[in-house]
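# Residue-level structure breakdown
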Amino acid sequence: MPSQTRKSHFRTIQKFKTDYAPVSISQYVSERTGMHVVVADQKGPKVQGYFALATEIFDDSGSPHTLEHLVFMGSKSYQYKGLLDKLASRAYSNTNAWTATDHTAYTLDTAGWEGFAQILPVYLEHVILPTLTDAGCYTEVHHIDGEGNDAGVVYSEMQGVQNTGGEIMDIRARRLLYPENVGFRYETGGLMPNLRVLTADRIREFHKEMYQPKNLCLVLVGEVDEENLLQILDDFEDTIINDIPPPSAPFKRPWVESAQPPAIAKTIVETIEFPEEDESMGDILIAMFGPDCNSAIETAALTVLLTYLAGSSVSVLENIMVEKEELASAIYQNWDARPNSVIWIQPSGVATDKLAHVEQRLFEILREVNSKPLDMKYMSDCIGREKRRIKSQAESSSSFYADGIINDFLFGKRDGSTLKDMGTLSEFDSLEKWSDEKWREFMRKWITDAPHISLLGTPSKSMSEKIKADEEARLAARRKELGPEGLAKLAEKLKDAIAKNEVEIPNSLLQKWPVPGVESIHFIESITARSGQAKKLGAPSNRIQQVVDKQASDVPLFLQFEHVPSNFVNIIVLLGTSQVATEHRPLLPLFLDNFFNTPIMKDGKKIDFETVVTQLEQDTVSYSMNGGGRIGDAEGLAIQFQVEPEKYAAAIEWIRTMMFDSLFDETRLKAGIAKILADIPEEKRSGNSMMYAVDSMIHGDKDSNIVARGTLVKAVYMKRLKNLLANEPATVIGWLEALRKSLFTFESMRTLVIADIEKLPNPVQAWKPLIAGLDTTKELLPLVKGKDRLSPDGKNPGNYGAVIVPMPTIDSSFLISSAKGPDDYNDPRLPALMVAISFLDSVEGPVWTAVRGTGLAYGANFRKDTDAGHVSFSIYRSPDVHRAFIAGKKILESYIDGTAKFEDHALEGAVSQIVCNLADEQATMSRAGQFHFVNGVVKGVDDEYDTRMLKRVREVKVEEIKGAMREILLPLFKAGSANLVATVAPIMKENMVKGFTELGFKTQVKPLSAFKESYGLEGEEGEDEGDDDEEGSDDGGSGSDEEMSEED
Ligand SMILES: [Zn+2]
């Protein structure tokens, strides 16, 4: 079988090592088709592929985006919708894709090379030779349904974004930046009027033009068998060579050989409206052209300069405009890589009546900064921090390589000389030598003196109403024109198209691909060692434990070490919260925000917060204090540091300082509350977030930090706290002091260090200062489980019934159903439940087909939460959650009663996905280390737990799966055992009440304001109740702008 005689058509352009990470990069090109391949050999269990096409179009038809969806509908040799995803899930893989203005990228994310290698040629055929049928375009892109509504997967997706403020401002900026002959001007996602008239032929034509191998670059990040890869690609090219345009035919390289935009002639400041009920807050978008993205030195300078200006709370724009003058809740900055890159500066959360003033103030500050010498010490800090950040990403992120390589493919030189720049960070060394004058000149050229475009995004209630009225009129006119007959015809046409798309995949075809072995999944080894109180969990015997034990220890602190060959040290201090007083819990959002942004006392002197943040930034890659959810302890809090090994002791000193020597400062607290309050209107606009928020208010008790930190508490509590702080600052500061005392105790700290422990000086002793002043005789307090923080309704789901929450800001609906589930990690039902959920939720699987495939919702899935002892079923963005809920119930019942069959390949896919999730959880060195900690410390299971679980998962019988579905999941659909929360557009209210009542649920309607909670903090006489009580206000709604995951 080995075919050594054949010479590969792929030529090696170059191979080089990066000097900042243990990663080499190889670049190849096919001499037959011109296809490009770049491999970055990052270590770890995951192989991640990005297949990028340089796509350029001069209209808003949405052809690039619609094509992205259609690729997943079948290919020349595999004319079945869903085949690719079904195969992928069995091969430990997930697929996804995105469309940007300048490229479309398809992703293949796999555990282990073997699975990746299996899917690669099938996937590539879908990209190069998709079927692109009329029926596929009809259902996926746009059609008119039997009720006369516009529908289609892409259409609905764009409907969700087109009228949002962000999108409206973005398009307007591009229209002003680019003339008609430059592709960056256009919305490649497709505008709704254009999508309504887009033809299948136009999409096919675009595919033929752009989706040629020579316009395709494969980026692979992970442990790749490169010889095997090139052979697979050679074989693949054999199969397509006769179906593609001749590789020698002339081809104009998109973007590079196209017209370039002229410079901005003069500054434009323009007010632009976007539809919004709440007219109080707007946004500003500022754009200007920057340097050529092929210049490593100039783009590095731009990144550093933007960090210097607006990268953190001490940088000048943020410091003055956010922290001091409270003119904005944040100032975002970034730049898009292009031959003429674009610099974006975005002050957000700006009071509408101050938009023009804030825009002027921003440039006034910039000019002032430029008129005086820069703070070169801080500039140097920014350079150092950016270098550390890149090193850290290069070690742990695949998108770091993908972004750089895709940009190079789009705009760089084909001889590899520009990609070679990825090999070093030497441009930062050059920047270290830049003089103050050189920096200021650079800043004048690109920012301060550069003509720019400023958009003042202004919320408009009347625009919101007009869009709604226009849309209703348009649809009414169409229905009238079509008449009942026309509508019936359309319903029939849609049915036909769906039937054509949904041809069943023969089992024999799926069985042609065996499930790949797991041998090629190389998990990162992390060696555990323990010290102090942690030893009570058992001290392993290995060489790292010996290193730790050698330090004769008088440090009783709970310390777990995870040894991995990383260039960085990750520290996590997990804090239990059982001692926090109930009435102090709603202070947590402020406490967390303030933790690192506050003055300290040092040697009897007060150090201001700017100095604190500046020094923190010098010593770290990153630092944060957040909820403990990411490390499996949703009720805990976590302080996290990433530093270089030589800063290990410094990081510990910082933790000590911020815990015990920080000062609560009235001005800082005031700024913190202002930021929290500015973000609330947006949080309260989201149907999905509010569904979860209401759900936690019903199921959690007041001692739950998830409840106390939730938006519905913050909305009222923070407003009152703001008043109290103004009138009685000592009271508020007293409460924060009490909260601090209850958090930072010896008995509530568990510490994790993930690092190359052998290279760490004094891994144990370094912690001594932290506990110096603490009472170390106390026993560790147990961690609080989710199940310990349930309300009576949380403990016994079913009594509460269903609640419908009308929200004027949404035009669709969201639902979550909760019921009891296993609350013990050793519950014998868990393996079967895991397989059942993985099976039901798989891509193109039962729930997907029943709910998403029928247009009943954008997504729906089951989840188990062992920590709280709950299971849930949630529906994401549905035109009718009641119907989607019934569809979910029916599909579940069909598997329980045997009318639907468990196909072997689907069960194999379910098990593969569990393996895949396990690899995801340990994908990088720091995550591998965390994984052990979560298991051993948070969940309290032993190291062999997952191996054992996986073995049992593989042995699960169909009867056991049915049992888990019947006993654990079916109760989610039954009155008496489930509680339901649905956030819905107001117009849906009556139907929902009727629908869920018919299903037997005790159903009530409550406004969002009914769930607010102030923890006993009273409002003042005459308090403006308007914003935290929307009962009286007559909001109309403008469409939700949820974070959505782009999917095929
Ligand atoms: Zn899409």
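The rules behind these values
Residues numbered from 1 in each chain as written. Predicted model: local features only at pLDDT ≥ 70, side-chain atom pairs only at ≥ 80, totals over all residues. Heavy atoms only, no water. Helix = DSSP H or I, 4+ residues; strand = E, 2+ residues; numbered from the N terminus. Rg over C-alpha atoms; globule rule 2.2 N^0.38 Å. Buried < 20%, exposed > 50% of the residue type's maximum accessible area, 1.4 Å probe, protein only. Contact = heavy atoms within 4.5 Å. Areas by Shrake-Rupley, 256 points an atom, 1.4 Å probe, with all protein chains shown as cover. Lys, Arg positive; Asp, Glu negative; His and termini not counted. Charge placed at Lys NZ, Arg CZ, Asp CG, Glu CD. UniProt positions renumbered as here; feature names shortened; annotations may be inferred. Expected span 1.5 Å × (residues − 1). Phe/Tyr/Trp six-rings, centres within 6.5 Å; stacked < 30°, edge-to-face > 60°. Lys NZ or Arg CZ within 6 Å of the ring centre and 35° of its normal. Pairing = 2+ DSSP bridges. Axes fitted to C-alpha atoms, helices over the stretch in contact; angles between N-to-C directions. Parallel < 35°, antiparallel > 145°, perpendicular 65-115°, else oblique. Left-handed = near helix turned anticlockwise from the far one by under 90°. Nonpolar A, V, L, I, M, F, W, Y, C, P; charged D, E, K, R; others polar. Salt bridge = Lys/Arg side-chain N within 4 Å of Asp/Glu carboxyl O. Core = buried A, V, L, I, M, F, W, Y, C linked by side-chain atoms within 4.5 Å. Domains from an automatic or database assignment.

## Focus on the overall build of the protein chain
Counting secondary structure elements, the protein chain contains 37 helices and 29 strands. Computed over its C-alpha atoms, the radius of gyration of the protein chain comes to 29 Å, within 12% of the 31 Å expected for a compact globule of 1048 residues. Along the first, second and third principal axes, the C-alpha set of the protein chain runs to 80 × 70 × 65 Å. Within the protein chain, the fraction of its 1048 residues that count as buried is 60%. A separation of at least 24 residues holds for 81% of the contacts in the protein chain among residues at least 6 apart in sequence. Of the roughly 41100 Å² of accessible surface on the protein chain, a fraction of 51% belongs to carbon and sulfur atoms. Charge separation in the protein chain, taken as the distance between the mean sites of 114 positive and 159 negative side-chain charges, equals 2 Å.

## Quick look at the UniProt feature "domain: Peptidase M16 C-terminal" (unreviewed entry) in the protein chain
Look at the UniProt record and you will see "domain: Peptidase M16 C-terminal" (unreviewed entry) annotated at residues 198-377. This span, residues 198-377, is 38% helix and 22% strand, and a straight line between its end C-alpha atoms measures 55 Å.

## Quick word on the UniProt feature "domain: Peptidase M16 N-terminal" (unreviewed entry) in the protein chain
Mapped onto the present numbering, the UniProt feature "domain: Peptidase M16 N-terminal" (unreviewed entry) falls at residues 61-140. Here residues 61-140 runs as 49% helix and 20% strand, with 14 Å between its end C-alpha atoms.

## A short note on helix H16 (residues 436-448)
Compared with an ideal rise of 1.5 Å per residue, which puts 13 residues at 18 Å, H16 spans 15 Å between its outermost C-alpha atoms and falls more than 12% short. Contact partners of the buried residues in H16: strand E11 (281-289), helix H10 (296-310), strand E13 (342-348), helix H12 (355-371), helix H13 (376-396) and helix H15 (426-432).

## Notes on the packing of aromatic side chains
In total, this model carries 40 aromatic pairs according to the counting rule given. With a centroid separation of 4.8 Å and 80° between ring planes, the pair formed by Phe595 and Phe596 is classed as edge-to-face. Residue Phe596 is classed as buried on the basis of its relative accessible area, which comes to 5%. For the ring pair Phe862 and Phe973, a centre distance of 6.1 Å and an interplane angle of 70° mean the geometry is edge-to-face. Here Phe973 lies in the loop between helix H36 (958-969) and strand E28 (979-984) and Phe862 lies in strand E26 (residues 859-865), a separation of 111 residues in the sequence. Of the two residues, Phe862 and Phe973, neither departs from the other in class, the shared state being buried. Each residue in the set Phe591, Phe595, Phe596, Tyr623, Phe641, Phe660, Phe664 and Phe744 is aromatic and connected to the rest through ring pairs, giving one cluster. Over the ring of Trp513 we find Lys512, and its NZ or CZ is 5.6 Å from the ring centre.

## Comments concerning the sheet that holds strand E3 (residues 36-40)
Sheet architecture is open: seven strands sit in the order E1-E2-E3-E9-E4-E6-E5, paired in mixed fashion. Of all the strands in the sheet, the pair left with one neighbour each is strand E1 (10-17) and strand E5 (93-99). Sheet twist, expressed as the mean angle between neighbouring strand axes with direction ignored, is 15°. Bridge analysis of E3 against strand E9 (residues 216-221) gives five bridges, and the strand direction is parallel. If you follow Val39 over to E9, its bridge partner there is Leu220.

## With respect to the environment of Leu120
Within the secondary structure, Leu120 is located in helix H3 (residues 113-128). Expressed as a C-alpha distance, the spacing of Leu120 and Ile232, which sit 112 residues apart in the sequence, is 8.2 Å. Excluding its chain neighbours within four sequence positions, the residues that come into contact with Leu120 are Phe51, Leu108, Leu229, Ile232 and Leu233.

## Considerations on the packing of helix H33 (residues 904-921) against helix H35 (residues 945-955)
Running from N to C, H33 and H35 point in directions that differ by 165°, and their axes come no closer than 10 Å. If you check the angle between H33 and H35, you find them roughly antiparallel. Between H33 and H35 the crossing geometry is right-handed. Of the residues in H35, those touching H33 at Val911, Ile914, Val915 and Leu918 are Asp946, Leu950, Val953 and Arg954. Its residues assigned to classes, the contact of H33 with H35 shows six nonpolar, no polar and two charged.

## What about the pattern of salt bridges?
What the rule picks out here adds up to 63 salt bridges. A salt bridge links Asp150 to Arg478; the nearest nitrogen and oxygen atoms lie 2.8 Å apart. Of this pair, Asp150 sits in strand E8 (residues 150-151) while Arg478 sits in helix H17 (residues 461-501), placing them 328 residues apart in sequence. Each member of the pair Asp150 and Arg478 is classed as buried. A salt bridge links Glu893 to Lys889, with the nearest nitrogen and oxygen atoms 3.6 Å apart. Residue Glu893 and its partner Lys889 are located together in helix H32 (residues 881-896), separated by four residues, close to a single helical turn.

## Describing the nonpolar core
Within the largest apolar cluster, 93 residues are counted, with the highest numbers of intra-cluster contacts made by Leu309, Tyr401 and Trp439. Sort the elements by how many residues they give to this core and H10 lands first, with nine residues. Residues from two domains meet in this core; each of domain 1 (25-257) and domain 2 (268-398 + 416-459) gives at least three. Residues within four places of Trp439 in sequence aside, it is in contact with Ala301, Val304, Leu305, Leu374, Met376, Met379, Ile383, Leu431 and Trp434. In terms of nonpolar packing, the next biggest core, distinct from the first, is built from 88 residues, Ala529, Met697, Leu725 and Leu736 among them.

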